[in-house]
Amino acid sequence: MNAPELHQMGVAELATAIADKKTSALEAAQHLLARAQQHASLGAYLAFNEAFTLSQARAADARLATGERTPLLGVPLAHKDIFVTQGFPTTAGSKMLAGYQSPFDATVVANLAAAGAVTLGKLNCDEFAMGSGNDNSAFGPAHNPWDVSRVPGGSSGGSAAAVAARLLPAATGTDTGGSIRQPAAFCGITGIKPTYGRCSRYGMVAFASSLDQAGPMARSAADCAVLLTAMAGPDIDRDSTSLDHPAEDYTAVLAQPREGATAAQPLKGLRIGLPTEFFGAGCAPDVLAAVRGALAEYERLGATLVDISLPRTELSIPVYYVIAPAEASSNLSRFDGVKFGHRAAQHGDLIDMYKKSRSEGFGPEVQRRIMIGTYVLSHGYYDAYYLQAQKIRRLIAQDFQQAFTQCDLIAGPVAPTVAWKIGEKSEDPMANYLADIYTLSTSLAGLPGMSVPAGFGAAGMPVGLQLVGNYFKEGELLHAAHAFQQATDWHLKTPQGY
Ligand code: GLN
């Protein structure tokens, strides 16, 4: 098959081409590995293991030769470097873990491999998934293929950049406070963060355990559905927060017409809530214009728009930036140069060794969060900060339940602006935190949310429409995004030069 066509294909298309013997898993993997090298300056990848990838591809071809057919058999993809993998080193974007080799695979990685996916490598991310621009990676930034002087978003920036640049058809990401949805929006791709607990956290390097959730990033909702079907499912023996909810076939959901739907109005009867707090002065006009354009399309597809309120939206920033650092400070205590992680070469006594190892191993943002987290958990401040934040977290979740009495899905922008220039916010942590305003509340409530390409804003940069559903409504989200993508072609746009 004509090699350049391979990277233009999405997951489903490539799987079909491989199953129909128009190409092979091996040819696809080789082509995409070469393509990744060709675009190495994007900074999307952190690690390859060609021998491992090609042996997985040969194994997929052997399974195909026996007549086996699964939706991901032979499809190449790559993982955010926060998932531990046997075939590749795992760094979590940190010097602390440079050279770390896991003896086991994360459940999500193992699930995708069992479904026949071929792993091309590990993708760049902010250190321990802390960031909004992928500029906190200890191994250098990833670049946005729509404008390489801009951030791809974070923390799953490498995943978003690689999918947008057609280096691969899909990738995994993780979302603690927006890290799937925001980079997907910044790079013009589709991403879904499932309900908390839907995908196993086993083997995901922990940032904030009560928020971390894995999900797929791909060009279309249909491709995300294929990946999520393989990734999700209970894993209660290995992750105590994994939900004992049966696995679902999200691809089947896409094909099911809604009750009362017509060909012209596939979303007839769907009520989409628009939180007033998401459409205020805090959102850039170019982003609002694209989002409103997408919502007008939803109306044409039969959906009704209803005004709702999520009154505690503003509080989600202080609440998240208390709870996430608190959990991070606890999770990251294991990296002490003894149990885990980098050990300083030169040190005095044991305490000095801890100090030097952690000072050398962790970058500035991670150190900042460890300090904030330790502070808000300390005696005397626990009640004032951590406990208060937990109480408001509950109220934020209740606001969503109140909203879902009026609507089926909630929509709004993913981020208040398009992707910013690399370096623009590096010196100002608050500016980064404020840019998370529209994604944090969903995470705090544990709800599923997704980002759908909705057009372009300032400087020709992509804009994402955020859709949020109630618990376990991943299918409904994907269905609504798929219907939109059948009627629009924003998700098919490719950045120039890729
Ligand atoms: N930007 C947020 C943070 O810095 C969210 C990161 C994430 O979802 N991993 O914490």
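Further up the page is the structure itself.
Residues numbered from 1 in each chain as written. Predicted model: local features only at pLDDT ≥ 70, side-chain atom pairs only at ≥ 80, totals over all residues. Heavy atoms only, no water.

For the protein chain, the helix and strand inventory stands at 17 helices and 11 strands. By the compact-globule yardstick of 23 Å for 498 residues, the protein chain fits well, its C-alpha radius of gyration being 21 Å. Expressed along its principal axes, the backbone C-alpha trace of the protein chain runs to roughly 70 × 55 × 45 Å. Restricting to contacts in the protein chain with at least 6 residues of sequence separation, those with at least 24 account for 76%. Counting every atom, the protein chain has about 18000 Å² of accessible surface; 55% of that belongs to carbon and sulfur. Counting 38 positive and 45 negative side-chain charges, the protein chain places the averaged centre of each group 1 Å from the other. (Helix = DSSP H or I, 4+ residues; strand = E, 2+ residues; numbered from the N terminus. Rg over C-alpha atoms; globule rule 2.2 N^0.38 Å. Contact = heavy atoms within 4.5 Å. Areas by Shrake-Rupley, 256 points an atom, 1.4 Å probe, with all protein chains shown as cover. Lys, Arg positive; Asp, Glu negative; His and termini not counted. Charge placed at Lys NZ, Arg CZ, Asp CG, Glu CD.)

With that settled, consider the pairing of strand E6 (residues 213-218). Most of E6 sits out of view: 6 of its 6 residues are buried. By the bridge criterion, 6 bridges tie strand E4 (residues 170-175) to E6 in an arrangement that is antiparallel. Along E6, the bridge assignment pairs Thr-172 with Pro-216. Sheet topology note: the strand E5 (residues 190-193)/E6 ladder contains 2 bridges and is antiparallel. (Buried < 20%, exposed > 50% of the residue type's maximum accessible area, 1.4 Å probe, protein only. Pairing = 2+ DSSP bridges.)

Next up on the list: the environment of Pro-246. Note on placement: Pro-246 falls in the loop between helix H8 (221-231) and helix H9 (250-255). In this structure, the C-alpha to C-alpha distance between Pro-246 and Arg-198, residues 48 residues apart in sequence, is 9.5 Å.

Below, the discussion takes up the nonpolar core. Core analysis: the biggest nonpolar cluster contains 114 residues, and Leu-72, Phe-128, Leu-467 and Leu-478 have the highest contact counts within it. Of the residues forming this core, the biggest block, 9 residues, is contributed by helix H11 (residues 316-331). In this view, Leu-72 contacts Val-11, Leu-77, Leu-112, Ala-115, Gly-116, Ala-117, Val-226, Leu-227 and Ala-230; residues no more than four positions away in its chain are not counted. Listed in part, the 40 residues of the second largest apolar core include Val-118, Ala-160, Ala-162 and Tyr-498. (Core = buried A, V, L, I, M, F, W, Y, C linked by side-chain atoms within 4.5 Å.)

Attention now moves to the pattern of salt bridges. Scanning all chains against the criterion turns up 16 salt bridges. Between Arg-369 and Glu-365 there is a salt bridge, and its shortest N-O distance comes to 2.7 Å. Taken together, the residues Arg-369 and Glu-365, both in helix H13 (residues 364-377) and 4 residues apart, mark about one turn of the helix. The burial state of Arg-369 is the same as that of Glu-365; both residues are buried. (Salt bridge = Lys/Arg side-chain N within 4 Å of Asp/Glu carboxyl O.)

Let's shift gears to the site of the ligand. Taken together, 15 residues sit near the ligand, with Ala-129, Gly-177, Ser-179, Tyr-320 and Arg-369 positioned nearest. Contacts to the ligand include Ala-129, whose backbone N or O atom sits 2.7 Å from a nitrogen atom. Within the contact set of the ligand, an oxygen atom lies 2.7 Å away from a side-chain nitrogen or oxygen of Tyr-320. Protein contacts shield 99% of the accessible area of the ligand, which totals 290 Å² for the unbound molecule. Split into classes, the residues belonging to the shell around the ligand amount to 5 nonpolar, 7 polar and 3 charged. (Near = heavy atom within 4 Å. Polar contact = N/O pair within 3.5 Å; in protein donor to acceptor, adjacent residues only side chain to side chain. Nonpolar A, V, L, I, M, F, W, Y, C, P; charged D, E, K, R; others polar.)

Another point: helix H12 (residues 350-361). In this model H12 runs 16 Å from its N-terminal to its C-terminal C-alpha over 12 residues, within 8% of the 16 Å that 1.5 Å per residue would give. Those residues of H12 not exposed but buried are Met-353, Ser-357, Arg-358 and Gly-361. Buried residues of H12 fall within an arc of 115° about the axis and therefore sit on the same side. Those residues of H12 hidden inside the fold are in contact with H13. (Expected span 1.5 Å × (residues − 1). Arc of directions from axis to C-beta.)

Among the structural elements, Thr-304 can be located in strand E8 (residues 304-308). The partly exposed category is assigned to Thr-304, whose relative accessible area is 42%. When the C-alpha positions of Thr-304 and Ala-15 are compared, they lie 36 Å apart, and in sequence the two are 289 residues distant.

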